[in-house]
Amino acid sequence: MATSNGVGGGYRNGGPKAAAKERSLSLNSNNKSSSLKSKPSVISGGVRRNSTGSLGGAGKDNDAGVDYVFFDIVPGRVRVAVRLRPRNAEESAADADFADCVELQPELKRLKLRRNNWDSDTYEFDEVLTEFASQKRVYEVVAKPVVESVLDGYNGTLMAYGQTGTGKTYTLGRLGEEDTAARGIMVRAMEDILAEISLETDSVSVSYLQLYMETIQDLLDPTNDSISIMEDPKTGDISLPGATVVEIRDQQSFLELLRLGEAHRFAANTKLNTESSRSHAILMVHVKKSVKGRDSGLSGENGSTAHMTRTSKPPMIRKGKLVVVDLAGSERINKSGSEGHTLEEAKSINLSLSALGKCINALAENSAHVPVRDSKLTRLLKDSFGGTARTSLVITIGPSPRHRGETASTIMFGQRAMKVENMLKIKEEFDYKSLSRRLDIQLDTLIAEHERQQKVFQDEIERIAVEAQKRIAEAEGNYADALEKERLKYQKDYMESIKMLEEQWALKHEKQADVRNKLGTKDDGFCNPPSREVAFSAGEVAEVKKLLQNETLMRKAAEEEANNLRSQLMQWKRSEAAGNSEILNLRKMLEEQARQKEKFEEEIAILQSQLLQISFEADETRRNLDKVGTAKVPSSLDSLISQVRHPHLKDSANGEKASIAKLFEQGDAKLFSGSSKIYCCLCSFFLISSCTSTVGLQKILSLLEAEDPDVRIHAVKVVANLAAEETNQQKIVEAGGLMSLLTLLRSSEDETIHRVAAGAVANLAMNETNQELIMAQGGIALLSETASNAEDPQTLRMVAGAIANLCGNDKLQMKLRGEGGIQALLGMVRCRHPDVLAQVARGVANFAKCESRAATQGTKMGRSLLIEDGALPWIVQNANNEASPIRRHIELALCHLAQHEVNAKDMIIGGALWELVRISRDCSREDIRILAHRTLTSSPAFLAELKHLRIDCN
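If you look the protein chain up in an unreviewed UniProt entry, it shows as Kinesin-like protein from Escallonia rubra. What UniProt states about the protein chain under its Subcellular location (unreviewed entry) heading is, verbatim, "Cytoplasm, Cytoskeleton". Database annotation for the protein chain, UniProt heading Sequence similarities (unreviewed entry): "Belongs to the TRAFAC class myosin-kinesin ATPase superfamily. Kinesin family. Ungrouped subfamily."

(A) View of the confidence of the model for the protein chain. When pLDDT is averaged along the protein chain, the result is 77, and 78% of the positions lie at 70 or above. Taken together, the stretch residues 1-72 has pLDDT below 50 and engages in 130 contacts with residues farther than four places along the chain or on a different chain. Overall, residues 295-311 carries pLDDT values under 50, and its contacts beyond four positions in sequence, including any with other chains, amount to 27 contacts.

(B) Here's a closer look at the side chain of R265. Structurally, R265 is set in the loop between α6 (251-264) and β18 (267-268). Reaching out from R265, the side chain makes a polar contact with the side chain of D326 at a distance of 2.9 Å. With residues up to four places along the chain from it excluded, the contact list for R265 reads T169, Q210, L219, S277, S279, H280, A281 and D326.

(C) Structural context of the pattern of salt bridges. Under the counting rule described, the total for this entry stands at 37 salt bridges. Across the salt bridge formed by D152 and R318, the nearest N and O atoms sit 3.9 Å from each other. A residue pair is termed long-range when its members are at least 10 positions apart, and D152 in the loop between α3 (135-151) and β12 (155-162) and R318 in strand β21 (residues 315-326) qualify at 166 residues. D152 gets classed as buried once you look at its relative accessible area, which sits at 6%. With a relative accessible area of 9%, R318 lands in the buried category. A salt bridge links R265 to D326, with the shortest nitrogen-to-oxygen separation between them at 2.9 Å. You can see R265 sitting in the loop between α6 and β18 and its partner D326 sitting in strand β21, a full 61 residues away along the chain. Like D326, R265 is buried. It is possible to trace a salt-bridge network through shared partners that takes in E460, R463, E467 and R471.

Calculation notes
In every chain, residue numbers begin from 1 and rise along the written sequence. Thresholds applied to this predicted model are a pLDDT of at least 70 for local features of residues and 80 or more for the giving and counting of side-chain atom pairs; totals over whole chains, interfaces and linings are not thresholded and use all residues. For side-chain calculations, the full set of non-hydrogen atoms in the structure is used, while hydrogens and water are omitted. UniProt positions are given in the numbering used here, feature names are shortened, and annotations may be inferred rather than shown by experiment. Scored from 0 to 100, pLDDT reflects the predictor's confidence in each residue. For this analysis, residues touch if any pair of their heavy atoms sits within 4.5 Å. Secondary structure elements follow DSSP: runs of H or I no shorter than four residues count as helices, runs of E no shorter than two count as strands, and numbering proceeds from the N terminus. Throughout this description, a polar contact denotes any pair of N or O atoms lying within 3.5 Å of each other; where both atoms belong to protein, one of them has to be capable of donating a hydrogen while the other can accept it, and for residues adjacent in sequence the pair is counted only when both atoms sit in side chains. By definition, a salt bridge exists where a carboxyl oxygen of Asp or Glu is found within 4 Å of a side-chain nitrogen of Lys or Arg. To sort residues, take the accessible area from a 1.4 Å probe on protein chains only and compare it with the maximum for the residue type: under 20% means buried, over 50% means exposed, and anything in between is partly exposed.

Structure representation (structure tokens):
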């Protein structure tokens, strides 16, 4: 927060102590030891390298086949410098009586923005550059530390931001042809990079782009005006695969490239600047530099490859990327005077800069969501703010008090950017080219050893399984013996207790007898009581036995009841699972019905538009008939056309159908020989309004073979419109329409006929019976040939739609693939049109669904035919496509492919497992998300890989 000058005033960024702490962590641009020739051992924040030359563990990029060694992640705040432009001639004349709106204090690295003559706000920056600062001074304090970091293996970003006309392009892109002291940051950075690398072992390559009206264009190749942004799903790195990359060998070639790019950059004359940039310029410099005096060994996965680490010591290479961004200036329309196309350019510039400001605000406030995808500019700068790059920002301002609002906005942008923390990361890689021969020799040995160990491992598993079964049987036997011993022990104890009781009774009886003898009583008188005691003791024993038996029976009954309850619980769980499955199926049916409803509504809208077109053509037909002579046209024809326009006259139109049919059968040559289009329009009127007369349909099909190309085009359009209705499809096929359409695809070279005929075949291919007829008559080969020769996106969309419909037939899969249908479908991705790609994705999803259904029904199948034909890389690449129809079909295709266990290995190698995990978590459709999760959790191969990668799929 800015404070006014006066008592109690403070500074930004936590006061002087905090600011001093920030400056102590940054590189001192004035220190002579910070030259490019000396490599500091402390990297941004005091983190030192260890004895092996790396701070982090080794990683591996499986796609590139290259091992990387990463340093520990180092925090690095975005550094911001402010540069003041001197007054120009216009400002000197207009503002001569007014003081500058800013006051610079470069020795304290402060800036004061005047509110009025007696009050101002104070801001603190990393560097404050006055209007007298030289280009060399600006480069030393702003760009040189970033260039040094790029040479050390980090990514770096240099960016200029400010109002239009404040010197951003002068600061960054000045070539200095007339005055070498005026060279900008781009030229000076390349001079230092070329001075520090060896052209024998190192390389430097550049790309020069512009972001104009939310379109990325190549400044080195103006014809390449629509470059897409690709994001690595594993690392999140942004790349531009279509951009031109030129290797730089000397400074002069680099200057030529800059001249070429500047000549192609958009600029316009506004009230604020005669050469105002209308696009954001982006220079990307890729530096690949070998590390001198450092060797690293290959690390094997186990002890068997330890000898490789001793013999293989490839050189280490550091890769850094420098991004220099010259942003177009923000402007207010009322001040710049933009209008027309220049106004649209200004709107686009302000929108992208606003999106950048929102992202920086979110990062500065540690917001949970950063709107990176709001603009292509923010996507390109994803690594520069909140990423892994070292970023320096120079904000340019003017002194004029008329533009105080724009100056304040620029200053606040810089203040927020200073709060953004990046996590710098260095990347080093091993160079394996020198080891290829040695590794090829060792590869065969490792493969043979692996196969031998695999066999030993399988044998060991079988042995362990047999031993485990034997131990289980032995344990069960021991358990049974122990139970029998326990039973015998308890029985023995029971008998001993009975015997002890009997002995105690006998001893008591003897004592009583001795007492009777001493008293002189008769033995007969005392015999009966002991007998009663014996009987009583025996009765107690019997009762104890009976109680023990009852307890045993009750225990058995309780165990049986517990088992019954367990079985009932299992049945309830199975019933619940079946009920959940049925509910899921019902939900799917409801969703399918909703999709069918939407499809029908779209078809109704198409038919309505066709009816409007027919009405328009009816007017044209009547005008043409008036020209050629209305005397030859029956009066009933006018009433028929009127009935087509006004459906409420349907009853009166029934009487005219016979006359029109008779007219078609007679074929009045004078009337229709010179008006083929009129004839086709009348046929379409009659066929649509009278539910496809057989006579009229045959007439239309006969026109498909006419010599006049216009007649053929209009006739095939009529057939395509009729084929869009399911009620007409069978009649068209029975009348030979399918054969005629395929003949047109084979014989005609007209692109329009190919497009419309393919669309008609696609409509007919929605019927399963027609699909078999199309395959039997060689339709897939004709469609494949048409796809290979066509360049029009609409033609390719129609052909892809027809093949996609055929892909949904389980019976035709092998034949479809054998005749090149899959290869033709995948070949059409070269068009890159979203509609074509959506049809290709739908065909792939239909084919994968049929394979999954066949595997579920118990059909013995090998690896997926789609994977064998090389479709998996394209599927993985487009799994997160921005177009929702393409993404939805690709996600379904991945889920269906993953349900067959035989495909798991190829999908893991091809990177499809990561996409399945993303779909199971982030997919917008719940049914696809549930299907992906169920597929992951039911596949042993996927579960093993996820466990190995320590990824929780729940």
